[in-house]
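Results of the structural survey
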Amino acid sequence: MTAVTHDRAPAAAPASRLGAGMALAVVSAVSFGLSGALARGLFDTGWSAGAVTLVRVGLAAVVLLPFGLASLRGRWHLLRSNARVVLAYGTLAVAGAQFCYFSAIQHMQVGPAILIEYTAPAAVVVYLWLRHGQRPGPLTLLGAGLAALGLVLVLDLLSGAELSVVGVLWALGAMVGCASHFVISAREDGGLPPLSLAAGGLLVGTVLLGALALVGLLPMRAATVSATYADRAVGWWLPVLLLGLVTAAVAYVSGVMANRRLGSRLGSFVALLEVLASVCWAWWLLDELPGAVQLLGGLLILAGVVAVKLGERAVVTAEPVPA
């Protein structure tokens, strides 16, 4: 991601731009948050994580591709000059993040998995520190400590409960992909429209996942039996459509547009609403709710990330690291 430039200061943006960015970020977070609960219902009927990810990403790519091409308005050179950015976004933020997350929730509950994934805002801060010399202050370090303690509680390590190491590793992989989404989608210097980035990334993700499936590295299992949500059976096609149209197409486009307006740091902070949305969707649709200790850990993670963000107001910016 050497092409990623400095994060823009959100405070310098007009109020209308900031307000629109916040609204888009909320839409993105709520849409993304629905994916885990919908996918779990399909898993219970026999779908594999690879099949759910490929169908979700592929459907969104088909829907968004015409709009992404139209938004270029004939400026095809933007695709050539931003090819590496689109490839990185499709590989890390689309294929990597979604496959890792869906793999994680096959081994653990939706709530703990999303809480681990959303340590991503802290990863964004670390990236900006190492890449651009934006050193964290004491409040930021305190926040990191709170988030680390919260992660211990979310994993329920202190009680000696059985821990799915595989699930945790997949969730950490999703965290890397999530952080990549915030950093890459926030850049505006390449001139690539948000719709084009989202559509291009989803297309790259589809091709990559399809190639892995063809060579047998990505297990593909699907079923046409009804899925159950909130004790009600629905046709398999309904969660599939919602995964592609709402939790991918709407979520990625609104997320890119939000991060362009807010910057990667503030955008990743507002996106923490996805954690709350995911837990609420899982509670409503799957009757899943993390235990009291895990909920406390989740609150500590959120408090830690808030402290990290507040600490950025007093960040000391050193000379940027050469690209």
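Read on for a plain summary of the structure. This is a predicted model, so every value here is computed, not measured.

Time to look at the overall build of the protein chain. The helix and strand tally for the protein chain stands at 12 helices and 4 strands. Considering only contacts in the protein chain between residues 6 or more positions apart, those separated by 24 or more positions represent 90%. Counting only carbon and sulfur atoms, one obtains 72% of the accessible surface of the protein chain, whose full area is about 13900 Å².

Moving on, we come to helix H11 (residues 273-286). Helix length check: H11, at 14 residues, gives a terminal C-alpha distance of 19 Å against a target of 20 Å (1.5 Å per residue), a fit within 8%. All of the buried residues in H11 are Glu-274, Val-275, Ala-277, Ser-278, Val-279, Ala-282, Leu-285 and Leu-286. Note on H11: the residue one or two positions beyond its end, Asp-287, has a positive phi of about 60 degrees.

In this section: the packing of helix H4 (residues 83-104) against helix H9 (residues 194-214). The N-to-C vectors of H4 and H9 enclose an angle of 65 degrees; their axes lie 7 Å apart at closest approach. When the axis of H4 is compared with that of H9, the two are roughly perpendicular. Of the two possible hands of crossing, H4 and H9 adopt the one that is right-handed. On the side of H4, the interface is formed by Val-85, Val-86, Leu-87, Tyr-89, Gly-90, Thr-91, Val-94 and Ala-95, while H9 contributes Leu-197, Ala-198, Gly-200, Gly-201, Leu-202, Val-204, Gly-205, Leu-208 and Leu-209. Residue classes in the contact of H4 with H9 are distributed as 12 nonpolar, 5 polar and no charged.

In the structure shown here, the tally under the stated rule is 1 salt bridge. Its salt-bridge partner being Arg-40, residue Glu-288 comes within 2.5 Å of it at the nearest N-O pair. Of this pair, Glu-288 sits in the loop between H11 and helix H12 (292-311) while Arg-40 is found in helix H1 (residues 15-43), placing the two residues 248 residues apart along the sequence. Of the two residues examined, Glu-288 and Arg-40, each falls in the buried class.

Using the criterion set out here, one finds 3 cavities of 30 Å³ or more in the structure. Computed from the structure, the largest cavity encloses a volume of approximately 120 Å³. Considering the residues around the largest cavity, the lining is formed by 13 residues, among which Phe-32, Gln-98, Glu-117, Cys-178 and Glu-274 are closest to the centre. Listed by contribution, the elements that provide at least two residues to the lining of the largest cavity are H1, H4 and helix H8 (165-185).

Considering the arrangement of structural elements, one finds Arg-75 in the loop between helix H2 (49-72) and helix H3 (77-81). On the basis of relative accessibility, which here comes to 34%, the residue Arg-75 falls in the partly exposed class. Here Ser-71 takes part through its backbone oxygen, which lies 3.2 Å from a polar atom of the side chain of Arg-75.

The next point concerns the side chain of His-181. Within the secondary structure, His-181 sits in helix H8. Overall, His-181 belongs to the buried group, its relative accessible area being 7%.

Along the chain, Leu-92 falls in helix H4. Placed 81 residues apart in sequence, Leu-92 and Gly-173 show a C-alpha to C-alpha distance of 9.5 Å.

Attention shifts here to the packing of aromatic side chains. Aromatic ring pairs are described here by two measures, namely the spacing of the ring centres and the angle between the planes. Under the criterion given, the structure shown has 7 aromatic pairs. A ring pair is formed by Trp-47 and Trp-236, whose centres lie 6.4 Å apart and whose planes are at 35 degrees; its orientation type is tilted. One end of the pair, Trp-47, is in the loop between H1 and H2; the other, Trp-236, is in the loop between strand E3 (232-234) and helix H10 (237-270), with 189 residues separating them in the sequence. Each ring, one from Phe-99 and one from Trp-170, has its centre 5.4 Å from the other, and the planes form 85 degrees; the classification is edge-to-face. Here Phe-99, found in helix H4, pairs with Trp-170, found in helix H8; they are 71 residues apart in sequence, far enough to count as distant. Here the aromatic residues Phe-32, Tyr-89 and Tyr-252 are joined through ring pairs into a cluster of three or more.

About the cut-offs
- Residues numbered from 1 in each chain as written.
- Predicted model: local features only at pLDDT ≥ 70, side-chain atom pairs only at ≥ 80, totals over all residues.
- Heavy atoms only, no water.
- Helix = DSSP H or I, 4+ residues; strand = E, 2+ residues; numbered from the N terminus.
- Contact = heavy atoms within 4.5 Å.
- Areas by Shrake-Rupley, 256 points an atom, 1.4 Å probe, with all protein chains shown as cover.
- Expected span 1.5 Å × (residues − 1).
- Buried < 20%, exposed > 50% of the residue type's maximum accessible area, 1.4 Å probe, protein only.
- Axes fitted to C-alpha atoms, helices over the stretch in contact; angles between N-to-C directions.
- Parallel < 35°, antiparallel > 145°, perpendicular 65-115°, else oblique.
- Left-handed = near helix turned anticlockwise from the far one by under 90°.
- Nonpolar A, V, L, I, M, F, W, Y, C, P; charged D, E, K, R; others polar.
- Salt bridge = Lys/Arg side-chain N within 4 Å of Asp/Glu carboxyl O.
- 1 Å grid on protein atoms, 1.4 Å probe; cavity = no way out; pocket = protein on both sides within 12 Å on 5 of 7 lines; lining within 4 Å.
- Points joined across faces, edges and corners; volume = space filled by probe spheres on them.
- Polar contact = N/O pair within 3.5 Å; in protein donor to acceptor, adjacent residues only side chain to side chain.
- Phe/Tyr/Trp six-rings, centres within 6.5 Å; stacked < 30°, edge-to-face > 60°.

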